[in-house]
Amino acid sequence: MKEAHYSPDHQDLKTYQDDKATEMMDGSDKRKEEMLGVGYFQLFRFATWVDIAMMVVGGVCALIHGSAFPLMLLIYGMMTNTFVAYELEVQELADPNKTCINNTITWTNGSVVEMADNRTVQCGVDIEAQMTMFAYYYTGIGLGAFILSYLQIALWVSAAARQTQRIRKTYFRKIMCMEIGWFDCNSVGELNTRISDDINKINNAIADQVAIFIERLSAFIFGFLVGFIGGWKLTLVVIGVSPLIGLAAGLMAMAVARLTGRELQAYAKAGAIADEVLSSIRTVAAFSGEDKETERYDRNLEEAQTWGVKKGIIIATFQGFLWCIIFLCYALGFWYGSKLVIDTKELTPGTLIQVFFGVLTGALNLGQASPCLEAFASGRAAAKSVFDTINRVPKIDCFTEEGHKLERVKGDLEFHNVKFSYPSRPDIKILDDLNLVVKSGETTAFVGPSGSGKSTVVQLIQRFYDPQQGMVTLDGHDIRSLNIQWLRSLIGIVEQEPVLFATTISENIRYSQPGVTMEEIIQASKEANAYNFIMALPQKFDTLVGDGGSQMSGGQKQRIAIARALVRKPRILLLDMATSALDNESEAVVQEALDKARIGRTTVTIAHRLSTIRKADVIVGFEHGSAVERGSHSELLERKGVYFTLVTLQNQGSDASNYKTNSESQSQMSNHWHDDICEVEVKSGSFRMDIVKKTKKMEDAMEATESAPVTRILKYNQPEWPYLLLGSVGAALNGSVSPVYALLFSQVLGIFSIADMDEQRRQINGVCILFVIVGIVSFFSQFVQGFAFAKSGELLTRRLRKVGFQAMLKQEIRWFDDPKNSPGALTTRLATDASMVQGVSGLVIVDLIPQVSSEAIANIRTIAGLAKEQQFVDMYEKQLEPPYKAAKKKAQVYAIFFAFAKCVIFMAYAASFRYGGYLVTNEGLHYVIVFRVISAIVISGTALGRASSFTPDYAKAKIAAEQFFTLLDRVPRINISQAHGLKWTDFKGKIEFKNCSFTYPSRPDIQVLRGLGVTVRPGQTLAFVGSSGCGKSTCVQLLERFYDPDLGQVLIDEHPSHGVNVPFLRSQIGIVSQEPVLFNCTIAENIQYGDNSCTVSMEDVIEASKKAYLHEFVMSLPHKYETQVGAHGSQLSRGQKQRIAIARAIVRNPKILLLDEATSALDTESEKTVQVALDEARQGRTCIVIAHRLSTIQTADIIAVMSQGTIIEQGTHEELMAKKAAYYKLVTTGAPIS
């Protein structure tokens, strides 16, 4: 019997869980992925003949430069023989019975001294003269090395900068000509990461690393040549071991390429999350999702860290292996070489040194070429995704010149059996066998429930997508055969959520039609009813609209978008809910403007508000992706189909239309208020501006970066101190290897001047055993150093990125209004700053560039609709110029320092051996000491040089750290920590705005609120009514504490809001806004986002979605609650997005509900059901509603009519109707109240 009571909720949950399990099983098979790099020489595909010439000359210089050290070894060998001969002479002449006659040692009686093997001993070596000659040789080689190394670096780095510049331009241009479907499947953040990080990696692979690689390869070849010239037997013995070195280097390069690819993928994902979160910061703040987002970001960083550590381990192992082999080589070479010197006399000590060091320099240079291979491998992995995009042929290429341009356009549009589903959701049919005719010069209106395919039709007309079956024709021509730029130039579009670009109002309007005059812009703005509000702004048409139009109200944005569409005088006008964001007054006037604009044009209009489309020539009813009915308003009403249902539902809701009065009457009240307010503004304006300017100066001063002490950077590495300690021990051992080697090497040289052969053999065996020990120690110390530093470095990078991201999310909303802190710029800083602190170098790209690319990629639909891709490509290319010039200048400076570092060793040899010769002659110093001191100093100097070559990296790391710590140290004006501020248990929800004045920090000269005062008691509903830009949404932002008022205060349960704990306050508030922001995850996760303080169960999710009338729709999807919503919810219709946002607010169970035009995006049917849901949700809660549609707020306890930042009247619907003032006129006529 119990089973009969099984609740449907549990049934839904079970179905959902079963589906999820199946899906997880399917998903595991799809995880196997292929990571293939690009062929190395393909990296140079963007080189011109000038670049090739530069690289060839630079390569030849590097090739000759590589011979400098082996050439020096020939002189070194001769010099060693000179020293040994001199030492033997000194030892012989120590016997008073011996003297030097005719350069031969003779007894004082005149007979020649003979050794045990019948050799005579030479004498009369003028060590100082010899050393002077060698010094000249060294100096000559040094000067040659200076010139060659300067050229090799300057030419390669400059050529790379030129090619990288071309890659960036080509890549961005290619992105801009991709079809919209491609953007559905690629996130903005990921593309931005590719533009900055990945192209830097390509640059590293084709710049100085190549020159250094050629130089080292050349040193390897010349070293072996010197070896063969001196003695082939020893050379062959040493060569026998060399393949091991080559094999290790090759294997390492392959492994690094693969792991770098994986690491990049993970970082790109993390970058996409950061971009999404920073773009939606208001939603994140409203739902206190900061910690949750930090964790989501960190999860992807963890994956990248894992790959980074694996890469570090592999590099460490191979480096250790290489050095071990090299030292074992030393042991073998000296042991066998000494046999050739002592036993067979095939070599002199000098040629042994020459051969041995020739081969060893060769092998060593081959080993040192391996870091270059790592850079090449990273570049190839990074180039894979960049070049794949560049190579991809867009399905719809907006830059192509192909396609017809019709001489006369009539404007007949027709859909023939069109079937369509979005590329990112191929399994969901959007249009199913659609047949539709839109006649020239007529206005055709599309109606139907959310998700029935209306907006998709508009996108197909613009050719954002091509149908999978069937075709769309313009005047009988398949639009696929028409030139795409020309086609889009015929179309003017106004969308529900218009996108404005971060520039002035006039530039935004001009985007639509380049070359339009100011008169035409003014005319278009008048037609769109935008002229008056623009002229009221201080900068008029030169007012900046902010990032994404953030400085404008919804209605203002909409009117600018309409002006933008009208200025191009389009043949076809597409209105996708063009007036939904407008208040009654603006809507009436704009509707009139649109009615005028429609004359003589083919117009397609989509509207949820059916009153706006009654005059349409043809109305088409949509259902499930098909056009199910068409006819005029009256014909369709008789038909009693889809349209009839929608009209009936909407008419029931508009009781307001019962009040009929003369629509001609106009309210004059607003003029008086306006004059009064102007007076107040003049008096207070100058004082306010002073405050703002001073505050700004103080802020700028605070923002100035201070130097970042190294100790502070290390502090962030503190948890890894065992790794750092271990790495430092490894590094210290590695550092000591060089001096130990200098000691052993000078010891070997000294052994050859011992007269006793047996003693020579015994000492050489001892030295060889020591070399073996050093080799084994070197393997372990290299591994320990490489692994420990890679581990601590990756952990530091991850921690810094996480901490940086956390610090960004802690900032108050006004910080994000600053253009310096746009999502694109912040994402790039996260990508580059943190990795630079770890020590990765790369071309730092100025903040502006990511901003342009980010804005362009994020708003690609609008740009495509305006056919403005080329303009954004030009803007991007223009902004690439300054960093490109800086890179070329840097190439010269780097080349000079590199050349100096290379030549200084030869000069050091020249000076020190010349002085050493003097000391040996005049001070009686043993030549072994000279070699030991000089080897030790030169080796230490080279190590110091190697360390100083990291100076640019270190400097970059410090600059990055400074910027980073500036961000971490910035104290937000609104503290969102859990510990700060007041909390109380019996939260009631009383809200009081007391004399609030407010201006947005980014527009300090425009007063938005002027002494606003209103009170809402617990459980009451307050509705704000007023025209666009009068400050309604600003009230909501003050209540959420996105901003604090400049004057006055907001009281919550009698407590001033600025003293209340911010997370506590926001946890009591649920918000549903007009353009809801969804995150790129599943429907369930988006709903669970409503309450980030705990884990929301699936039962709660299903319960909330039922209340929001969402559940049935979700269950009809293949993956149900696990359906991905796409970036910004792009995979869902507006109505569906809105209902998810409502479910998200309901699941929070808030005490205060804020509805900012929550139903404006819904069709009639959904609006009815959602309105019921919202009415239910309002029960027992304090509620603030903002609505342009007055029918939705008649039941409110208080209706407050706003005009220019103040409340001009308030009361219930009945009270205000009885007053017959502003509200009464607004309800009955839509008369202006502003």
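Quick look at the structure, then. Per chain, residue numbering runs from 1 following the sequence as it is written. Per-residue local features of the predicted model are confined to residues with pLDDT of at least 70, and side-chain atom pairs are confined, for both listing and counting, to 80 or more; whole-chain, interface and lining totals are unaffected and use all residues. Side-chain numbers come from the whole structure's heavy atoms, not from hydrogens or water.

1. A look at the overall build of the chain
- Only runs of H or I of at least four residues qualify as helices and only runs of E of at least two qualify as strands under DSSP, and these elements are numbered from the N terminus. Helix and strand counts for the chain stand at 42 helices and 22 strands.
- For the chain, the residues scored as buried account for 56% of the 1234 residues in total.
- Counted over contacts in the chain with a minimum sequence separation of 6, partners at least 24 positions apart contribute 80%.
- Total accessible area on the chain is roughly 51,100 Å²; 58% of this is exposed by carbon and sulfur atoms. Using a 1.4 Å probe on the protein chains alone, a residue whose accessible area is under 20% of its type maximum counts as buried, one over 50% counts as exposed, and one in between counts as partly exposed. By definition, residues are in contact when any of their heavy atoms lie within 4.5 Å. In this description, accessible areas are obtained by the Shrake-Rupley approach with a 1.4 Å probe, and a residue is regarded as covered only by the protein chains that are shown.

2. A look at the packing of aromatic side chains
- Only centres within 6.5 Å qualify two rings of Phe, Tyr or Trp (six-membered ring in Trp) as a pair; their planes then separate them into stacked at under 30 degrees, edge-to-face at over 60, and tilted for everything else. All chains considered together, the criterion is met by 39 aromatic pairs.
- On the numbers, 5.9 Å between centres and 80° between planes, the contact of Tyr 76 with Phe 913 is edge-to-face. Placement of the pair is Tyr 76 in helix α3 (residues 68–93) and Phe 913 in helix α31 (residues 869–922), with a sequence separation of 837 residues.
- Grouped by ring-pair contacts, the aromatic residues Tyr 40, Phe 41, Phe 44, Trp 156, Phe 213 and Phe 376 constitute a single cluster.
- A ring is scored as having a charge over it whenever the NZ atom of a lysine or the CZ atom of an arginine sits within 6 Å of its centre and within 35 degrees of its normal. When the ring centre of Trp 307 is taken as reference, the NZ or CZ atom of Lys 310 above it lies at 4.5 Å.
- Taking the ring centre of Tyr 531 as reference, the NZ or CZ of Lys 526 above it sits at 4.8 Å.

3. Considerations on the sheet that holds strand β13 (residues 991–999)
- Spatial ordering of the open sheet is given by β14-β13-β16-β17, a layout of four strands whose pairing is antiparallel. Looking at which strands have only one partner, the edges of the open sheet turn out to be β14 (1007–1016) and β17 (1055–1056).
- The pairing criterion is simple: DSSP has to find at least two bridges between the two strands. Pairing of β13 with β14 involves six bridges; the strand directions are antiparallel. Looking across to β14, one finds that Thr 999 is bridged to Gln 1007.
- Here an axis means a line fitted to C-alpha atoms, over the contact stretch when the element is a helix, while the angle between two N-to-C directions is reported on a 0 to 180 degree scale. In the packing of helix α34 (residues 1032–1039) onto the sheet, the strands contacted are β13, β14 and β16 (1047–1052), and the crossing angle to β13 comes to about 110°.

4. Here's the deal with the side chain of Asp 817
- Tracing the backbone shows Asp 817 in helix α27 (residues 813–817).
- Within the structure, the side chain of Asp 817 is placed 2.6 Å from the side chain of Tyr 1043, a separation counted as a polar contact. We call two N or O atoms a polar contact when they sit within 3.5 Å, provided that within protein one can donate a hydrogen and the other can accept it, with sequence-adjacent residues counted only if both atoms are side-chain atoms.

5. Some remarks on the pairing of β13
- Here β13 lies mainly inside the structure; seven of its nine residues are buried.
- Pairing analysis gives five bridges linking β13 to β16, with the strands arranged antiparallel. Counted as the bridge partner of Phe 993 is Val 1050 from β16.

6. Some details on helix α2 (residues 49–66)
- An ideal rise of 1.5 Å per residue puts 26 Å on 18 residues; α2 measures up with 25 Å between its terminal C-alpha atoms.
- Structurally, α2 contributes buried residues whose contacts are with α3, α4 (127–176), α7 (208–230) and α31. Expected helix span is taken as 1.5 Å per residue step, with the number of steps being one fewer than the number of residues.

7. Let's talk about the pattern of salt bridges
- Throughout this description, the term salt bridge denotes a Lys or Arg side-chain nitrogen within 4 Å of a carboxyl oxygen of Asp or Glu. The tally for this structure, following the rule as stated, stands at 29 salt bridges.
- A salt bridge links Arg 914 to Glu 128; its shortest N-O distance comes to 3.1 Å. On the criterion of sequence distance, the pair formed by Arg 914 in helix α31 and Glu 128 in helix α4 is long-range, its members being 786 residues apart.
- Residue class for Arg 914 comes out partly exposed when judged on its relative accessible area of 27%.
- With a closest N to O distance of 2.9 Å, Arg 463 and Asp 466 form a salt bridge.

8. Structural notes on the environment of Ile 199
- With respect to the helices and strands, Ile 199 occurs in helix α6 (residues 188–206).
- Along the primary structure Ile 199 and Arg 168 are separated by 31 residues, whereas in three dimensions their C-alpha atoms are 7.2 Å apart.
- Ile 199 has contacts with Thr 164, Ile 167, Arg 168, Tyr 171, Arg 194 and Val 386, leaving out every residue within four places of it along the chain.

9. Some details on the sheet that holds strand β22 (residues 1206–1211)
- The mixed open sheet is built from six strands, whose spatial order is β18-β19-β20-β15-β21-β22. With partners counted over all chains shown, the strands left at the sheet margins are β18 (1069–1072) and β22, one partner each. Each adjacent strand pair in this sheet contributes to an overall mean axis angle of 15°, direction not counted.
- Bridging between strand β21 (residues 1198–1203) and β22 involves five bridges; their strand directions are antiparallel. From the neighbouring strand, Ser 1203 faces β22, where its bridge partner is Thr 1206.
- Of the strands in this sheet, β18 and β19 (1152–1156) touch helix α39 (residues 1134–1147), which is tilted by about 175° from β18.

10. Some points on the nonpolar core
- Grouping buried Ala, Val, Leu, Ile, Met, Phe, Trp, Tyr and Cys residues that are joined through side-chain atoms within 4.5 Å yields what is termed a nonpolar core. Counting residues in hydrophobic clusters, the biggest one holds 147 residues, and the most contacted among them are Phe 387, Phe 415, Leu 436, Val 457, Ile 1087 and Tyr 1121.
- Top contributing element to this core by residue count: α4, with 12 residues.
- Excluding anything up to four places from it in sequence, Phe 415 contacts Leu 434, Asn 435, Leu 436, Val 457, Leu 460, Ile 461, Met 471 and Val 472.
- The next biggest cluster of nonpolar side chains, apart from the first, holds 73 residues, and it includes Val 84, Val 256, Cys 329 and Phe 931.

11. Quick notes on the environment of Arg 173
- Within the secondary structure, Arg 173 is located in helix α4.
- Between the C-alpha atom of Arg 173 and that of Ile 390, which follows or precedes it by 217 residues, the distance is 8.8 Å.
- Those residues in contact with Arg 173 that lie beyond four places of it in its chain are Phe 399, Gln 870 and Val 873.

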